[in-house]
There are 2 protein chains.
Amino acid sequence: MSSSSAAATAKPPMRDALVAAAFQLFLERGYEQTTVDDIVALAGVGRRSFFRYFPSKEDVVFPDHERCLADMTAFLAGSEADTEPVRRVCDAARLVLRMYAENPTFSVQRYRLTKKVPGLRAYELSVVWRYERALAEYLRGRFAGRPDGTLQADVIAAAVVAAHNNALRSWLRSDGQGDAGATVDHALGYVQSAFSRPGAAEPTENLPVRPERPITSVQAERSGSPEDVVVLVSRRGAPLWRMVQEIESTLGRD
Amino acid sequence: MSSSSAAATAKPPMRDALVAAAFQLFLERGYEQTTVDDIVALAGVGRRSFFRYFPSKEDVVFPDHERCLADMTAFLAGSEADTEPVRRVCDAARLVLRMYAENPTFSVQRYRLTKKVPGLRAYELSVVWRYERALAEYLRGRFAGRPDGTLQADVIAAAVVAAHNNALRSWLRSDGQGDAGATVDHALGYVQSAFSRPGAAEPTENLPVRPERPITSVQAERSGSPEDVVVLVSRRGAPLWRMVQEIESTLGRD
């Protein structure tokens, strides 16, 4: 561990040293039994140095969330106006996964610690809530013209966070083995499929414009018999939601 | 306020008196500036009586959530095996709304208080989390046979809670005016529509069995040109999700 004066000129190593010392003690003695004084003594720095980096003992358990929240906010603010919004919030959620996957050992240790300490669970809920609000705020902006814009934004943000966390926890329970990225992609794919359909959510307003009309025809023939048929002829490349939209509007029309 | 000895023989009134005293002081002085001693002095009871009903000062702000959580758990446990699961969790969420709507004035006061006090926001997040877990556990049981059962359960539970809370907050912001039930029904309807489609979630297992196969044919012709077509011929009465399912499986097959 570096001395307090040396570390003062090299902030990131001191911060890392505090996190390392804290986790060593949390694992040896337990979280509740470890004080900030114990942590700074092991790291070889003063109490004020600790509080320069971390407002509280809880914060040292989640040292990267503030940076990740800032990254996510910047990522969403930097979105092109024609980015598909549900895909964009899924990509934003992947930033959180990347933070966990960068250091599997640390992430797994923290997961086990957090499960055991109610205070850390509460802290984690507040962090998750901030991620969810960041996603929801972005979506509220994108859905500003929709009648149910805030409702859809809140629901989709919550669904993205839940899918991400389901996949993340499954990876953490496997001790960080396996492909975290693929697990999260699969989970987020479920959310995208749920909210990329007409009726569920409007088709996104910025899909690439196709010069040709993708659906050639939908016809519903009515003869009063249950054998009435719907005939849909569509270009193969047409998005599924367009096919559904055409069928729905045709059936609703007569 | 009743005297301590009279109240001891009539527990619910004493509990109500403590809640009323607490809110009177929270509104007059602020939450942080009110102590448990202040509350019991105004209610005319001893400290131990307070802690018999409420583990902490936070708990007196949310006096009915434990009962409501118990009601929700019992409601879900009492579900018939053939109940449509997404509808069931939506109905379970309506129990929470009912608790708020029973006493609009109190609910609006608490909403304003909670927005101002970070400690109460944290407490509320932990309560919301417990509702969400109750819904998710029920859905996990119902989806036990599905490949993505836990994922779908977690995502749908989160979506239901987000929709409910979006509607609830909108009602609370309107000072408890308007039809809370209709607002929540509309919000939950959005979630039901999102997760009642194939791909998003399996069609519910209890749809009426149709003896005849409703989709006559789906064919995708591939010639390498973007003008490849999909032809769907369907009985008019076929449910939309079956049409989509057939198109999806046909397109995914070749």
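The structure reproduced in this document is the subject of the present report. (Residues numbered from 1 in each chain as written. Chains lettered and ligands numbered in written order. Predicted model: local features only at pLDDT ≥ 70, side-chain atom pairs only at ≥ 80, totals over all residues. Heavy atoms only, no water.)

## Some thoughts on the overall build of chain A
Consideration 1: Helices and strands together make up the secondary structure of chain A, namely 12 helices and two strands.
Consideration 2: Starting at the N terminus, the α and β elements of chain A follow one another as α-α-α-α-α-α-α-α-α-α-α-β-β-α.
Consideration 3: Within chain A, buried positions represent 51% of all 254 residues.
Consideration 4: Excluding contacts between residues fewer than 6 apart, the proportion of contacts in chain A whose partners are at least 24 apart in sequence is 64%.
Consideration 5: Accessible surface computed for chain A: about 11800 Å², of which carbon and sulfur atoms make up 52%. (Helix = DSSP H or I, 4+ residues; strand = E, 2+ residues; numbered from the N terminus. Buried < 20%, exposed > 50% of the residue type's maximum accessible area, 1.4 Å probe, protein only. Contact = heavy atoms within 4.5 Å. Areas by Shrake-Rupley, 256 points an atom, 1.4 Å probe, with all protein chains shown as cover.)

## Description of the packing of helix α6 (residues 65-77) of chain A against helix α9 (residues 118-142) of chain A
Residue and element names in this part refer to chain A.
Consideration 1: Between α6 and α9, whose axes approach to 10 Å, the crossing angle comes to 5°. Looking at the two axes, α6 sits roughly parallel to α9. Along the contact surface, α6 presents H65, E66, C68, L69, M72 and L76, while α9 presents V127, R130, Y131, A134, L135 and Y138.
Consideration 2: When its residues are assigned to classes, the contact of α6 with α9 shows nine nonpolar, one polar and two charged. (Axes fitted to C-alpha atoms, helices over the stretch in contact; angles between N-to-C directions. Parallel < 35°, antiparallel > 145°, perpendicular 65-115°, else oblique. Nonpolar A, V, L, I, M, F, W, Y, C, P; charged D, E, K, R; others polar.)

## Topic: the environment of S196 of chain B
All names here are of chain B.
Consideration 1: Among the structural elements, S196 can be located in the loop between α11 (180-194) and β1 (215-220).
Consideration 2: Residue classification places S196 among the partly exposed residues on the basis of a relative accessible area of 36%.
Consideration 3: Spatially, the C-alpha atoms of S196 and R87 are 9.7 Å apart, while their sequence positions differ by 109 residues.

## A few points about the environment of D82 of chain A
Residue and element names in this part refer to chain A.
Consideration 1: In this fold, D82 is placed in the loop between α6 and α7 (85-102).
Consideration 2: For D82, a relative accessible area of 51% translates into the label exposed.
Consideration 3: Here the alpha-carbon distance between D82 and R142, two residues 60 residues apart in the chain, equals 9.9 Å.

## Here we look at the side chain of E132 of chain B
All names here are of chain B.
Consideration 1: Mapped onto the elements of the fold, E132 is located in helix α9 (residues 118-142).
Consideration 2: Put simply, E132 is tucked away with no salt bridge, and the nearest opposite charge, on R133, sits 4.9 Å away.
Consideration 3: Not counting residues within four places of it along the chain, the set of residues in contact with E132 comprises A157, A158 and V161. (Lys, Arg positive; Asp, Glu negative; His and termini not counted. Salt bridge = Lys/Arg side-chain N within 4 Å of Asp/Glu carboxyl O.)

## Describing the nonpolar core
Consideration 1: Counting residues in hydrophobic clusters, the biggest one holds 144 residues, and the most contacted among them are F195 of chain A together with L18 and F195 of chain B.
Consideration 2: Excluding residues within four positions of it along the chain, L18 of chain B makes contact with I39, V40, A43, V45, S49, F50, Y53, F54 and V60 of chain B. (Core = buried A, V, L, I, M, F, W, Y, C linked by side-chain atoms within 4.5 Å.)

## What to know about the pattern of salt bridges
Pairing between side chains becomes possible if they bear opposite charge and their charged atoms approach one another.
Consideration 1: Taken as a whole, this structure holds 24 salt bridges over all chains when the rule is applied.
Consideration 2: Where D154 of chain B meets R169 of chain A, a salt bridge forms, and the shortest distance between an N and an O atom there is 3.7 Å. Highlighted residues: D154 of chain B in helix α10 (residues 149-173) and R169 of chain A in helix α10 (residues 149-173), drawn from two different chains.
Consideration 3: Among the residues examined, D154 of chain B registers a relative accessible area of 2% and is labelled buried.
Consideration 4: Judged by relative accessible area, which is 23%, R169 of chain A ranks as partly exposed.
Consideration 5: Of the charged contacts in the structure, one is a salt bridge between D154 of chain B and R140 of chain B, with a shortest N-O distance of 2.9 Å. Of this pair, D154 of chain B sits in helix α10 while R140 of chain B sits in helix α9, and the two are 14 residues apart along the sequence.
Consideration 6: Given a relative accessible area of 26%, R140 of chain B falls into the partly exposed group.

## A few points about helix α8 (residues 104-116) of chain A
Consideration 1: Its 13 residues give α8 of chain A an end-to-end C-alpha distance of 19 Å, which sits within 8% of 18 Å, the value for a rise of 1.5 Å per residue.
Consideration 2: All buried positions along α8 of chain A are accounted for by F106, S107, V108, R110, Y111, L113 and T114 of chain A. (Expected span 1.5 Å × (residues − 1).)

## Some points on the packing of α7 of chain A against α9 of chain A
All names here are of chain A.
Consideration 1: Closest axis-to-axis distance for the α7/α9 pair is 9 Å, and the angle between their directions is 155°. One finds that α7 runs roughly antiparallel with respect to α9. At the point where α7 passes α9, the crossing takes the right-handed sense. Seen from α7, the contacting residues are P85, R88, V89, A92, V96, M99 and Y100; seen from α9, they are E124, Y131, L135, Y138, L139 and R142. (Left-handed = near helix turned anticlockwise from the far one by under 90°.)

## Describing the environment of F51 of chain A
Residue and element names in this part refer to chain A.
Consideration 1: Its location among the elements puts F51 in helix α4 (residues 47-53).
Consideration 2: Residue F51 is classed as partly exposed on the basis of its relative accessible area of 35%.
Consideration 3: Here the alpha-carbon distance between F51 and Y131, two residues 80 residues apart in the chain, equals 24 Å.
Consideration 4: In contact with F51, not counting residues within four places along its chain, are V36 and S56.

## Things to note about the side chain of Q192 of chain B
Consideration 1: Along the chain, Q192 of chain B turns up in helix α11.
Consideration 2: Residues within four places of Q192 of chain B in sequence aside, it is in contact with E84, V86, R87 and C90 of chain B.

## Things to note about the state of the cysteines
Residue and element names in this part refer to chain A.
Consideration 1: Summed over all chains, the structure comprises zero disulfides over all chains.
Consideration 2: Distance from the sulfur of C90, which forms no disulfide, to the nearest cysteine sulfur (C68) is 15 Å.
Consideration 3: Residue C90 is classed as buried on the basis of its relative accessible area of 0%. (Disulfide = S-S within 2.5 Å.)

## Points about the packing of aromatic side chains
All names here are of chain A.
Consideration 1: On inspection of all chains with the given rule, the structure shows 17 aromatic pairs over all chains.
Consideration 2: Aromatic pair F50 and F54: ring centres 5.5 Å apart, planes at 50°, arrangement tilted.
Consideration 3: By relative accessible area, F50 is classed as buried at 0%.
Consideration 4: For F54, a relative accessible area of 1% puts it in the buried group.
Consideration 5: Ring centres of F62 and Y123 lie 4.9 Å apart, and the angle between their planes is 10°; on these two criteria the pair is classed as stacked. Placement of the pair is F62 in the loop between α5 (57-61) and α6 and Y123 in helix α9, with a sequence separation of 61 residues.
Consideration 6: Look at F62 and you get buried, because its relative accessible area is 3%. (Phe/Tyr/Trp six-rings, centres within 6.5 Å; stacked < 30°, edge-to-face > 60°.)

## A closer look at unusual backbone geometry
Residues and elements named next belong to chain A.
Consideration 1: Not every positive phi belongs to a glycine, and D175 is a case in point at roughly 60°.
Consideration 2: Note that D175 resides in the loop between α10 and α11 (180-195).
Consideration 3: A relative accessible area of 41% places D175 in the partly exposed class.

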